[in-house]
Amino acid sequence: MFRERHVLADLSTGQRDPDDWEIGKLRTVDYLLDIRVLTYEPTLSLLAVGTAGGLIFVVGGPGVESSVQTPEGSPVKILQLAASTDKLLSVDGRDRLHIWNLKDLTEPPKSTRFDHAINAVMLSPSHTHVFLALQSGEIRTYDLLCLKKSPYVIPNLWNMFQTKIASSVADPLHALSGCTIPVDLVTHPRDLNLIFVAFGGGVVLYDLSSRNILRAYELVIPAGAPGGGGYHQSEVLTHRRPSVTSVAIHPAGHFFAVGYADGCVAFWAVEDEDQPLMVRTSTELDVNVINGDELEKFLQNGDPSEEKGTNLPERQPIYRVAWCGFPNSSDPRGGATALVFLGGDRIDDPCRLTVYTMPALDSPEPPAPSGSKTGLHASIRNAMRLSVIPLETTYYPSSGPVYDFVIFPKANPHFSGCWDPVALLFLTAASPDSRMVEARQFLPPKMMFPLPEADAQNSSEHGDVIHDLPTTLEDMTLSGVEPPPMHVPPKLYSGLGGVSYAQLLTLQRGVHDVLVGQQAVLGDADLPVVGGSAWIDDKRLSELRLSRSHPRRILITCHRDSTVRFYDASPQLLISSSTSPLQKHYPFAIHDLTIDLSCLPLSSAPEVATVQVAPESLECIVLLKSGDLLVYRLNTTQVDPPIEIEGNTEFVLLRNVALRPGTRYHPFLMLPRGNVSLTCCALSDIGFIGVGYIDGSVAVIDLRRPSLLKPQRQKRQSKLLVRNQDGDPVVSLTWTVSAVSMDAQLAVRLIAIHESGNTQVFKIIRDPESSMYDFAHDVTRIEGLPNVMQGGSFVIDSQKGTTWRADRSRFAAALQTGDSNPARCFWVTASAKGARCMLDISGEKISKVEWNSKKNKVGHVQVIEKNNSHVLVAFNDKPEAMVYSLPYLEHLHTFSLAKVCENVVSVDETGDFIALMRHDSGVLEQIVFGTLFKTHRVYDHPIVDLTSFHREIPPYPQPVSVGPPSLLGSWFRYGKPIMTGEQLDALLAGPDRPIPPPDHMPTSQGTTAAYGPGVMKTMENARDGVYNRLNDALAERGEMLGNIEQRIDSLQQGSKDMVTQAKRLATEQTARRWFGF
């Protein structure tokens, strides 16, 4: 300890008692990096996500977040939400069906095991059963209302079909392995009694009530036809039966699309199982028809593998198809549609989803049937064929191979959730060890008119085969508009969108309001997930209201996709109650502040090193690992347009960079990396940016002109900032407005600390004639602490302990030159080994300390203020928080952070901090919000009601005619009553269906056990509190009723007494009149 020459005020008197400190965790933000399945339910407006670790996460509107864990953490294989019964369904990796009650996810799930693996499930909002396709080929049913297996079982339909045709046709291809395994289940979009069951060998249309196979659709590619593989495969001269992968039904219900493993899509009319309407790939039509010219070339060339240049990359299977309809026509059959399919591209094609815009079905009225001829009429068949030739193709690009996608309908849950879609959410593999969720807006069809009727009427007998293939493909014009991206919930950030770094920023209320601006709860680019409601426990409302006076906070995150994003993490967002739920997510994403570095003219892919935001001017600088420095300005800041300076070669003004519409942070200038690498930077609130270089040189960017300022000695040496006597790298820069012991004038100063500890204090002065700023000639030199960490330099008031920054108020004080006796200050610096405090920056050394724990490395320090008392807190990697007094650096306390976090990366002056937990891939999997003063801090996870938002389920769509609306005849009993959901439930459950018990309706619902026992206890306390209040209210009501009853009895007795007295008085009066009184 150094000898004291002055009696200095103790700035830490209010923080010496360890009882005033309470280390605790406030909140965590978790990122789901191992997502495997996605599902969306439009009636409840909830999105559910399943992970490989068995976690199921459900997200809805503001604050609505809940999660459950599968037993033994088994991976989630299938995930669905049942709106009819408010249930969450999951099939895990062990093929067990788990069912949770959405009204109370804290209840254990109902688990059921079947005899075989579950390949697919199907449910509908119109009934309360789920169909399960088993590996054995059976279709089992499960009652979601009674939570039991139903007796209705569908046998292996493809086996039945094979048995039926085996007696008449001997075909060994029917016995191929896998053809009897079900792969998909789809209900008919306009008849609940009909279901399509997709097996590996084909598709079966099944009647549930009659238990009968109506149709079986099996695709056979004849020998000589190209099929999905084209004329570059050795099997082209054999008959092929490609395996089915997926099926999707046209909204009108008269034809459907089937995806196959060879990369082709076949379109079938429901009434014609013999011949498909069309079989196509992503580039060719009618691949089930022999092309004589191409076949002749194949026969002449022999094996294509022997010919150079003929080998094409293999075509991917069609993994999934979906058929979307739109309310764009008054015709009951609907207007233009959109077919979405995943796969079918060549392996070397870009990763994407493909959407075909299909014309409306415009089938003419068929002529009256003649004779015994039955089947699909040629005119109807040709109209259907024309309606599956795309008018437009739109590609939805992705960052990696797409594993699955989810369609977001606007509101209607029918048509397999594909009616009037507004967004596409798809799961991609951005890297081998993590998956990424991306979303894009679904573009509605632009061309809604049907093909001319003359084309259908004038078609000849061979008109249903398109002979002019090049012309047809040319007419399939590609959409020139790329679907705009949409924002996904922050918990789904992973892969290329994963978070690589995060830091905390504290702002005053007025500045915070300017930065955040007017943010809509649900913007146009946000996914329409608004279900449920959430609120903080009413018992903590009084404590919660105290957060109104707390500082506002911003969470800044850096992402692998070259973006910097901002979130409002202010505690004021959590103020809510059961009668006034949360209005925004916490933290709340401020999308219009997102900085996208990929749009800048950079020589390489940008990787962010540090981000700084000025707490008053809100200017932002981004230092890249390449050494480039970028300056951004908020577009609400009123500044004069910069003037191009002749001869400027140091930086580039960024004026005409194309930005996303609505972006509020605009690039201002870039200081590109020169011959000397940039090591650190410092941003002030008064228009100066300090930059330090690896050769020890320093420069300042003056944003007023703008211009690059250099000290006089460096100017004389070289424009390239060559090495000088302070030749070791600059490791820390600090802006302040203060005096130094050698110069009593209050001025703007830049403190540059070199790696060796040599420190330069530069003074910034203004030329009174030109009003331009520059370095003063005199430079104060100090022998300081070596290896000072970035962010480890503080200039504080010697009396109040407040930090002296280069802000507007201090700058204004410096301009008032009349003050000849400025206040004194302390300069505190810290390194990985210890800390030092000096008077007036260059004055005497007050104190020095080495950290109490030498084995653990200190990575972050901060001056903490509490109740006008200030201390220096050092955070090491044990993890611990070591508290030292100011200015004498006495060790006061050491607090363990092991129960809160692993490592602290960002701390504000109030003692709140964030810590990061990284995945093996390098991205963050958790951000921990913690504090050194947890008393009366309410950051509890809210109470969640997942079913408070429930759209009305519309009636099931009715069958429509295949012909014009005036046509009386139709398919599927058009005009006759169809099966209702209640009738289907009765059919599946049988006559002995028990009466289901009434649902337990909890007043409040916890988030889940995944949040920990503390939250569960809070949930239980909340529930018990509600019950106690109800019991108290009932008791009070009973007491009031008892009092009322007593009063009524008293009134009744009084009335009887009054009547008796009245009779007695009447008798007396009568007697008086009788006796003449």
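Bear in mind that the values here come from a model prediction, so they are computed numbers and not experimental data.

Caption draft 1: Structural context of the pattern of salt bridges. For the coordinates displayed, the defined rule picks out 36 salt bridges. In this structure, aspartate 95 and lysine 77 form a salt bridge, with 2.7 Å as the shortest nitrogen-oxygen distance. Of the two residues, aspartate 95 is situated in the loop between strand 7 (87–92) and strand 8 (96–101) and lysine 77 in strand 6 (residues 76–82); the sequence distance between them amounts to 18 residues. Residue aspartate 95 is classed as buried on the basis of its relative accessible area of 15%.

Caption draft 2: Local environment of unusual backbone geometry. In this model, tyrosine 586 is joined to proline 587 through a cis peptide bond whose omega is -10°. The topology assignment puts proline 587 in the loop between strand 33 (563–568) and strand 34 (588–589). For the peptide bond that leads from lysine 878 to proline 879, omega is 5°, which places it in the cis range. The residue glutamate 72 is not glycine, and still its phi comes out positive at about 60°. Structurally, glutamate 72 is set in the loop between strand 5 (65–69) and strand 6. Even without being a glycine, aspartate 95 presents a positive backbone phi close to 60°.

Caption draft 3: Here's a closer look at the confidence of the model for the protein chain. Per-residue confidence for the protein chain gives a mean pLDDT of 84; residues scoring 70 or more make up 82%. For residues 304–310, every residue scores under 50 in pLDDT, and the model assigns this stretch 8 contacts once sequence neighbours within four places are set aside. A low-confidence stretch, residues 1002–1024 (pLDDT under 50), is modelled with 51 contacts involving residues beyond four sequence positions or located in other chains.

Caption draft 4: Fine view of the environment of glutamate 880. Checked against the element boundaries, glutamate 880 lands in strand 56 (residues 880–885). Sequence separation of glutamate 880 and cysteine 901 is 21 residues, and the distance between their C-alpha atoms is 9.8 Å. When sequence neighbours within four positions are dropped, the list of residues in contact with glutamate 880 reads Ser853, Ala874, Phe875, Thr894, Phe895, Ser896 and Leu897. Looking at glutamate 880, its side chain comes within polar contact range of the side chain of lysine 878, at 3.4 Å.

Caption draft 5: Representation of the packing of aromatic side chains in the model. All told, the structure shown has 23 aromatic pairs when counted by the stated rule. Consider the rings of tyrosine 40 and phenylalanine 408, whose centres lie 4.1 Å apart with planes at 25°: the pair is stacked. Of this pair, tyrosine 40 sits in strand 2 (residues 35–41) while phenylalanine 408 sits in strand 26 (residues 402–409), and the two are 368 residues apart along the sequence. Judged by relative accessible area, which is 9%, tyrosine 40 ranks as buried. Since its relative accessible area comes to 0%, phenylalanine 408 is described here as buried. Between the aromatic rings of phenylalanine 875 and phenylalanine 913, the centroid separation amounts to 6.0 Å while the plane-to-plane angle is 55°, which identifies the pairing as tilted. Of this pair, phenylalanine 875 sits in strand 55 (residues 869–876) while phenylalanine 913 sits in strand 59 (residues 912–918); the two residues are 38 residues apart in sequence, bridging distant segments of the chain. With respect to burial, phenylalanine 875 and phenylalanine 913 carry one shared label: buried.

Caption draft 6: Structural view of the nonpolar core. Core analysis: the largest hydrophobic core is formed by 48 residues, its most contacted members being Leu47, Phe408, Leu425, Leu527, Ile927 and Phe929. Excluding residues within four positions of it along the chain, leucine 425 makes contact with Leu38, Leu47, Asp404, Phe405, Val406, Phe408, Val437, Glu438, Ala439, Val488 and Leu527. Core analysis: the second largest hydrophobic core is formed by 30 residues, Val516, Cys558, Ile595 and Val622 among them.

Caption draft 7: How the structure looks around the environment of proline 71. Looking at the element boundaries, proline 71 is found in the loop between strand 5 and strand 6. Residue proline 71 is classed as partly exposed on the basis of its relative accessible area, which comes to 22%.

Caption draft 8: Looking closely at a negative patch on the surface. On the surface, Glu284, Asp293, Glu294 and Glu296 cluster together into a patch of negative charge. Within the secondary structure, glutamate 284 sits in the loop between strand 21 (278–280) and helix 2 (292–301). Overall, glutamate 284 belongs to the partly exposed group, its relative accessible area being 34%.

Caption draft 9: Representation of the side chain of threonine 128 within the structure. You can see threonine 128 is positioned in the loop between strand 10 (118–123) and strand 11 (129–134). Looking at threonine 128, the relative accessible area reads 10%, which means it is buried. Those residues in contact with threonine 128 that sit more than four places away from it in its chain are Ser84, Thr85, Tyr142, Asp143, Leu144, Leu145, Asp985 and Arg993.

Caption draft 10: Seen up close, the sheet that holds strand 27 (residues 421–431). The antiparallel open sheet is built from 3 strands, whose spatial order is 26-27-28. One side of each edge strand has no neighbouring strand; the edge strands of this open sheet are strand 26 and strand 28 (434–441). Ignoring strand direction, the axes of neighbouring strands in this sheet form an average angle of 20°. Bridging between strand 26 and strand 27 involves 7 bridges; their strand directions are antiparallel. Bridging from a neighbouring strand, proline 409 pairs with proline 421 of strand 27.

Definitions and cut-offs
- Starting afresh in each chain, residues are numbered from 1 along the sequence in its written order.
- With the structure being a predicted model, the display of local features is reserved for residues of pLDDT at least 70 and the display and counting of side-chain atom pairs for 80 or more, all residues being used for whole-chain, interface and lining totals.
- Here the side-chain values reflect all heavy atoms present in the structure, with hydrogen atoms and water set aside.
- Salt bridge, as applied in this entry: a Lys or Arg side-chain nitrogen positioned within 4 Å of an Asp or Glu carboxyl oxygen.
- Secondary structure elements follow DSSP: runs of H or I no shorter than four residues count as helices, runs of E no shorter than two count as strands, and numbering proceeds from the N terminus.
- Partly exposed describes any residue whose relative accessible area lies between the buried limit of under 20% and the exposed limit of over 50%, with all areas from a 1.4 Å probe on protein chains only and scaled to the type maximum.
- What pLDDT reports is the predictor's confidence in each residue, on a scale of 0 through 100.
- We call two residues in contact when some of their heavy atoms are within 4.5 Å.
- For the purposes of these results, a polar contact is taken to be a pair of N or O atoms within 3.5 Å, where, inside protein, one atom must be able to donate a hydrogen and its partner to accept one; residues adjacent in sequence count only when each atom of the pair is a side-chain atom.
- Side-chain rings of Phe, Tyr and Trp, where Trp is taken by its six-membered ring, are said to pair if the distance between their centres is within 6.5 Å; with planes under 30 degrees apart they count as stacked, over 60 as edge-to-face, and otherwise as tilted.
- To qualify as a nonpolar core, a set must consist of buried Ala, Val, Leu, Ile, Met, Phe, Trp, Tyr and Cys residues joined through side-chain atoms within 4.5 Å.
- Surface patches are drawn from residues lacking salt bridges whose relative accessible area is over 30%; two like charges belong together within 9 Å, two nonpolar side chains (Val, Leu, Ile, Met, Phe, Trp, Tyr) within 5 Å.
- Each accessible area is a Shrake-Rupley estimate made with a 1.4 Å probe; only the visible protein chains count as cover when residues are assessed.
- By the counting scheme adopted, Arg and Lys are positive, Glu and Asp are negative, and His together with the chain ends is not counted.
- Lysine's charge is taken at NZ, arginine's at CZ, aspartate's at CG and glutamate's at CD.
- In this scheme, strands are said to pair when DSSP sees at least two bridges between them.
- In this description, a line fitted to the C-alpha atoms serves as the axis of each element, helices being fitted only across the stretch in contact, and the angle between N-to-C directions of two axes falls anywhere from 0 to 180 degrees.

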